[in-house]
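Next come the chains, spelled out residue by residue.
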Amino acid sequence: MKGAGGWSPLISDKYQWLEVDLGERTKITAVATQGRYGSSDWLTSYLLMFSDTGHNWKQYRQEDSIGSFPGNSNADNVVQYKLQQPAIARFLRLIPLDWNPSGRIGLRLETYGCPYTSDVVSLNGGSSSLVYRLSPGPWQTSKEVVSLKFKTLRNSGILLHAEGQQGVSLSLELERGKLQLLLRQGKTSPEPLHLTSLGSLLDDQHWHHVVLEQKSAHLNLTVDKNTERVQLPAEFSRWAIEQGNVTFSCAEPVSVALTFPGPQSFLQLPGTTASSPGGVSVGFQFRTWNKGGLLFTFSLPQQEGMVWLYLSDARLRLMIHKRLSPAVFSGAALNDGQWHAVDFTARRGRLTISVDKGEGGIAHAAPSFPITAESQLFFGGKSEFRLLGCPAEEHSEECRNLFETFQGCMRLLTVENQRVDLIKVQQRLLGNYSQLQIDMCGIIDRCSPSRCEHGGRCSQSWTVFHCNCSDTGYSGATCHSSVYEQSCEAYKHNGNTSGHFYIDVDGSGPIKPQLVYCNMTEENTWMVLLHNNTELTRVRPSPAVSQHSVHFDYSSQEEQLLAAISQSEHCEQELSYHCRKSRLLNTLEGSPFSWWLGGPGQGRVQTYWGGAHPGSQQCACGLQGDCVDLQHYCNCDADRLEWTEDSGLLTHKDTLPVRSLVLGDIQRPGSEAAYRVGPLRCHGDKNFWNAAFFDKETSYLHFPTFHGELSADISFLFKTTGSSGVFLENLGIKDFIRIELSSSTQVVFSFDVGNGPLEVRVESSVPLNDNRWHRVRAERNVKEASLRLDELPVATQEAPTDGHFHLQLNSQLFIGGTASRQKGFRGCIRSLQLNGVTLDLEERAKITPGVQPGCPGHCSSYGSLCQNHGRCVERASGFQCDCSLSAYAGVFCQTEVSASFKPGTSVSYTFKEPYELSRNSSALPSSIYSEMTLRAENISLSFRTNQSPALLLYVSSYYREYLAVLINKHDKLEVRYKLDSSRDAEVLRSSVRNVANGQLHTVTIKRLTDSVSVQIDENAREDFNLTSDGEFNAVKSLVLGRVHESDDLDPDLAKLASLGFTGCLSVVHFNTMSPLKAALLHSDTSPVIITGPLVQSNCGSAASTNPYAAENTHHLSGKKGGASFASSVKNRLERVRVCVCVCVCLCVSALWCH
């Protein structure tokens, strides 16, 4: 280095190399290059190869993937590279890839390292072995480590066998080029237990490093740089590795291989000689990951045809093109990366193809013409031969190249049973070749270790790998990103309603998705996790057993449970004990009769009951001071003969979930008990609403360095009124990662991992600075980088073809700004997660100037989820739909409020009494009361009935005026207005037929003074005009169903009103009032009178095919106002409570009688 001269071959092409013999095996730690002295000759990129023998070269790869090294930019500067993993070899070979286009290949080279010595032993695969026995005496070391290196050409064999106690043994065996760790429970055990497997392609005659490290019951197996951890049985606490004849040297068989890396790679060899017997015989071994590829081909004499031997669907196929001879098939699954031997023989009218000496299959054929190869034999490459009979200008599919290009390795080539000297080929002394890598097999197992995450199944070809993510719950090129939301809260804000959902609490983290029930019917969104017994269960004592113990198994795994609890703002679990002469906790000073275990793992002992505080040894009544016996702190501790109970909610997350329950006082005569442990219920997602507001472009939050070397995903929501700004940035020495709003319609994800900046952009058709929440999801893995904005299509950029680099960052992670304090973001960022871990923006914002914790204003984004006139109301964390002005209910005002009516059912909704006109009505809810005189109505309802005629809705007046909506005897809808008591009612008949057909119909009626419109379902709107003055004076009440006060009605309408209505009414809306909803859900606060049976039902749902079979338990009858309804609910609850006790008593009595 730095001397005059340098190496420069006569011909500058990619077939040149410089080989260095270091004289002995050396630990090579670095290389340095420089151009040829005083010239324009230097390399710009090159490959490094290493070998122990000068044969069987192995390419050195950076970061397991990158093969090439960048070289020099001039002839004088020295460029040095420290090898990430030192290479141990005697020979080094440098292969130029590119050089100065204005010069030639020129190089000065220097290597750095030190001599490497080690003891070796050669095992011949027969009875040879090496035994290691531990010295007798007590075990002293806390761990045992066995480390070795091996090399072999065989793909199977026992590498190490260790004996434990009681016949337990451990074996490390090579099987199909992989190391398998097997455990046998004794010499007579049938099949060994497979603990793990590691490594691949280990039969490549290169050194591989194996380490076994045992510490107590754990064993770490490391092969090269990859480690797996397994659990060992207790009998394997100490071990001995079981001397035969061995050779303390290492034989180095020479096996020259060829690598066919691409479509231009081929080998041409001379065909058979005249002295050869008639026919042809060719043999070789190959290995590949591809399902297809042309292996070899030759022409028949006098150009009478062609012979092709190729892979198709991982099977070996032979096709002879002469009179369209049929193909011959042999072998299967030949793309497994293993070496496969192929023998092709054609003699005396018989053709034979053998795979793996017959073990992989043999195929025969008897062609009617001789098969000889007097011309050249071609291995690999493209088939440029056209089918006979195809004109030169023909471009049909049959006349194009027939076969895929072979990409793989070959070795042990023979022609007429003579080994082909491939070194002569390399020296251009035999045959010809193009773009071959000679004396090496460059196969790489891209699936070992697998880059597919979360159980994705890896498959590969010669150049790429693919991850099958089906049934994993994850998506993306490497199955990295979860397809599920992280909480019920997130599902709610996607517009979902109650149901079962998979949630993935840590996103792309290691915890698997879990199935939970999301209850979205209340103000809080509850996540419900079930266990194996949530029912009230009677205790059944067993003879001679003083305690009753029960364990609860949850549907979620341990890590899923704990993560769900930790992520939630509040969790609770009901714990109740029903008792008769069965004490629960005893006194504060005494030992408790019963206890439960709760919290992580098996749980910790807890001696308090539902509704009390941890460690108090009390029940809820003891905390509230209302136990049945004030000398005790639990009702059951009073030890009474009457049934009583202690129930309440456990709300301290550190003690949840309940794992086990132990009940002690159950064996005394007369003792009876029952218990219930409810499902675990949690609400609130601490991560989903975690937000910060950046009010200046110079403000930012900073966090520790982001570590996403090979796989990184970032997700967050933002809203802003600004047109640009950086969301996130993290820098390294050269590397960086950044996500920014580059314009009001574009988000950019950019990074540099040492091979140049890469950008992924997503353009929105609508402005992003609309102060509404927008979601960003970015991912970078070894295959691609992707960016997704809201629900727009994903934008992707493939990783460089020469492999992947580690992302190396070292600065702080900046959120909302940059280290330079330029291009900062103004607005809100929420729910920021990096690789599934949420950054606590709010806590950091509390101590950071210019940044505020939290971010209000969610209705601008989520208000559209409130349906059917529901109103969005802001909350500190999220929003709520106010359905008071809607005829619907539910979390998004989307649930139909429906009821089944019988002939005697009547719902009467009273408007203002006359004396209320003089009172101030501003303090009264507008959803309940209306003005006395109406000049307009907006009416909507749905109905389902077979009754004809039938009265659907009736509105009366103190001035003998009315409005009626009915079905006439012709099954058509009528609207009758009587707005002048001195005139007959005006009848508006719809032309829509057959509305009393049992199907669900929706009616909308709108009036403005004398103009009326009627629309039924999706039919055309029908318009009518009234002749009256258009004022509906002093409205009195609205009646659904049977009308009891019919004195003011016309005779025919009075008769119809007395019949009542049989069928279903749903979502009845009159101006701002919802009378049916008021009767069913708010009768205690609404001016409503209910007569006869009224049953809430889902009959108004379009999906309901049998509406009368799905009635719920809200039965209201003969109630007026709120007091009677509240009383009925209280009585009903009391009946349920009594029924529980009576049932328990009867069951126990019956059992005692038997």
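About the thresholds
- Residues numbered from 1 in each chain as written.
- Predicted model: local features only at pLDDT ≥ 70, side-chain atom pairs only at ≥ 80, totals over all residues.
- Heavy atoms only, no water.
- Helix = DSSP H or I, 4+ residues; strand = E, 2+ residues; numbered from the N terminus.
- Buried < 20%, exposed > 50% of the residue type's maximum accessible area, 1.4 Å probe, protein only.
- Areas by Shrake-Rupley, 256 points an atom, 1.4 Å probe, with all protein chains shown as cover.
- Pairing = 2+ DSSP bridges.
- Axes fitted to C-alpha atoms, helices over the stretch in contact; angles between N-to-C directions.
- Phe/Tyr/Trp six-rings, centres within 6.5 Å; stacked < 30°, edge-to-face > 60°.
- Polar contact = N/O pair within 3.5 Å; in protein donor to acceptor, adjacent residues only side chain to side chain.
- Contact = heavy atoms within 4.5 Å.
- pLDDT = per-residue confidence, 0-100.
- Salt bridge = Lys/Arg side-chain N within 4 Å of Asp/Glu carboxyl O.
- Disulfide = S-S within 2.5 Å.
- Core = buried A, V, L, I, M, F, W, Y, C linked by side-chain atoms within 4.5 Å.
- Arc of directions from axis to C-beta.

Asks: Tell me what's going on with the overall build of the protein chain, and back it up with residues and numbers.
Replies: For the protein chain, the helix and strand inventory stands at nine helices and 77 strands. Among the 1154 residues that make up the protein chain, the fraction classed as buried is 50%. Accessible surface computed for the protein chain: about 53,700 Å², of which carbon and sulfur atoms make up 50%.

Asks: Can you lay out the sheet that holds strand β68 (residues 973–978) for me, pointing to particular residues and giving the numbers?
Replies: A sheet is described by the order of its strands in space; here seven strands give the open sequence β69-β68-β67-β66-β73-β64-β75, paired in antiparallel fashion. In this open sheet, the two strands that pair with only one neighbour each are β69 (986–989) and β75 (1088–1091). Along the sheet, successive strands turn relative to each other by an average axial angle of 15°, direction set aside. Of the pairings in the sheet, the one linking strand β66 (residues 950–957) to strand β73 (residues 1035–1041) comprises five bridges and is antiparallel in character. Across the sheet, the residue bridging to Y954 is V1039, located in β73.

Asks: Could you give an account of the pairing of strand β21 (residues 315–321), with specific residues and numbers?
Replies: Here β21 lies mainly inside the structure; five of its seven residues are buried. Counted along the chain from strand β20 (residues 306–312) to the antiparallel partner β21, the turn is two residues long, and its residue D313 has a positive phi close to 55°.

Asks: Give a description of the packing of aromatic side chains that names residues and reports values.
Replies: Evaluation of the coordinates by the stated rule reveals 35 aromatic pairs. For the pair F69 and Y81, a centre-to-centre distance of 5.9 Å together with 70° between the ring planes defines the contact as edge-to-face. Pair noted here: F69 is in strand β4 (residues 69–70) and Y81 is in strand β5 (residues 79–99), with a separation of 12 residues, a long-range link. Judged by relative accessible area, which is 1%, F69 ranks as buried. When its relative accessible area of 23% is taken as the criterion, Y81 is described as partly exposed. With centroids separated by 5.9 Å and ring planes inclined at 85°, the aromatic side chains of F284 and F379 adopt a geometry described as edge-to-face. With F284 in strand β18 (residues 280–287) and F379 in strand β26 (residues 377–380), this pair connects stretches of sequence that are 95 residues apart. In terms of burial, F284 and F379 fall into one category: buried. Of the aromatic side chains, those joined through ring pairs into one cluster are F260, F284, F286, F296, F298, F344, F379 and F406.

Asks: If you had to explain the side chain of Q486 to someone new, which residues and values would you point to?
Replies: Looking at where Q486 falls in the secondary structure, it is placed in the loop between β34 (481–482) and α2 (488–492). On the basis of relative accessible area, Q486 is assigned to the buried category, the value being 13%. Polar contacts involving the side chain of Q486 include one to the side chain of Q833, which spans 2.8 Å. The residues contacting Q486, other than those within four sequence positions of it, are I503, D504, V505, D506, G507, Q567, Q833 and G836.

Asks: Can you lay out the confidence of the model for the protein chain for me, pointing to particular residues and giving the numbers?
Replies: Per-residue confidence for the protein chain gives a mean pLDDT of 85, with 87% of residues at or over 70. Low pLDDT (under 50) marks residues 385–400, which in the prediction has 18 contacts with non-local residues, meaning those over four places away or in another chain. A low-confidence stretch, residues 914–930 (pLDDT under 50), is modelled with 22 contacts involving residues beyond four sequence positions or located in other chains.

Asks: With reference to specific residues and values, describe the pattern of salt bridges.
Replies: For the coordinates displayed, the defined rule picks out 35 salt bridges. Across the salt bridge formed by E572 and R681, the nearest N and O atoms sit 3.4 Å from each other. Of this pair, E572 sits in strand β40 (residues 568–580) while R681 sits in strand β46 (residues 680–685); the two residues are 109 residues apart in sequence, bridging distant segments of the chain. With its nearest N and O atoms 2.8 Å apart, the salt bridge here joins D665 to R668. With a relative accessible area of 5%, D665 lands in the buried category. R668 gets classed as partly exposed once you look at its relative accessible area, which sits at 24%.

Asks: Which residues make up the state of the cysteines, and what are the values?
Replies: As used here, a disulfide is simply a covalent bond connecting the sulfur atoms of two cysteines. Using the criterion set out here, one finds 14 disulfides in the structure. The partner cysteine of C571 in its disulfide is C682, sulfur to sulfur 2.1 Å. Between C571 and C682, the disulfide has an S-S torsion of 110° and is therefore right-handed. Taken as a pair, C571 in strand β40 and C682 in strand β46 lie far apart in primary sequence, 111 residues in all.

Asks: Let's hear about helix α3 (residues 558–567): which residues, and what values?
Replies: Taken together, the buried positions of α3 are Q560, L561, A564, I565 and Q567. At its buried positions, α3 is contacted by β36 (514–519), β37 (526–529), β40, β44 (658–663) and β46.

Asks: How would you sum up the side chain of T720? Please name residues and give values.
Replies: Within the secondary structure, T720 sits in the loop between β49 (712–719) and β50 (725–731). Using a relative accessible area of 2% as the deciding quantity, one classes T720 as buried. A polar contact is formed between the side chain of T720 and the backbone oxygen of R826, at a distance of 2.5 Å. Not counting the four nearest positions on each side in its chain, T720 is found in contact with L741, L768, N769, D770, N771, F825, R826 and G827.

Asks: Go over the nonpolar core with me, naming the residues and quoting the values.
Replies: The biggest cluster of nonpolar side chains holds 64 residues, and the ones touching the most others in it are Y577, W609, L661 and F879. When residues no more than four places from it in sequence are discounted, the contact partners of F879 are K492, H493, C859, Y862, L865, C866, C872, V873 and F892.

Asks: Could you give an account of unusual backbone geometry, naming the residues involved and the relevant values?
Replies: Residue P449 is reached from S448 by a cis peptide bond, and omega for that bond is -5°. On the secondary structure map, P449 appears in the loop between β30 (437–438) and β31 (457–460). Note the cis peptide between L656 and P657, where omega equals 0°. Phi at Q435 takes a positive value of approximately 50°, unusual for a residue other than glycine. Inspection of the secondary structure assignment puts Q435 in the loop between β29 (432–434) and β30.

Asks: Go over the environment of H218, please, and point to the residues and values.
Replies: Mapped onto the elements of the fold, H218 is located in strand β13 (residues 218–223). Sequence separation of H218 and Q231 is 13 residues, and the distance between their C-alpha atoms is 4.8 Å. The contacts of H218, once residues within four sequence positions are left out, are E213, R229, V230 and Q231. A polar atom in the side chain of H218 sits 3.2 Å from the side chain of Q231.

Asks: Let's hear about the sheet that holds β44: which residues, and what values?
Replies: The strand order across the open sheet formed by four strands is β39-β44-β41-β42, and the pairing between neighbours is antiparallel. Across the chains shown, the open sheet's two edge strands, defined by having one partner strand only, are β39 (548–551) and β42 (604–606). Between one strand and the next, the sheet's axes are offset by a mean angle of 20°, whatever the strand orientation. Two strands pair when backbone bridges link them, and β39 and β44 are joined in this way by four bridges, in the antiparallel orientation. Bridging from a neighbouring strand, S549 pairs with V662 of β44.

Asks: Quick one: what's the story with the pairing of strand β45 (residues 672–677), residue by residue and with numbers?
Replies: Within β45, five of the six residues are buried, which leaves it mostly tucked inside the rest of the structure. Here strand β38 (residues 537–538) runs beside β45; their pairing, made up of two bridges, is antiparallel. Each residue of the ladder has a partner; that of R538, found in β45, is A674. In terms of strand pairing, β40 meets β45 through six bridges, oriented antiparallel.

Asks: Break down helix α7 (residues 1051–1059) for me, with residues and values.
Replies: Burial in α7 covers these residues: L1053, A1054, L1056 and A1057. Projected down its long axis, α7 shows its buried positions confined to an angular sector of 165°, all on one face. Turned more than 90 degrees away from the buried face of α7, the exposed residues are P1051 and K1055.

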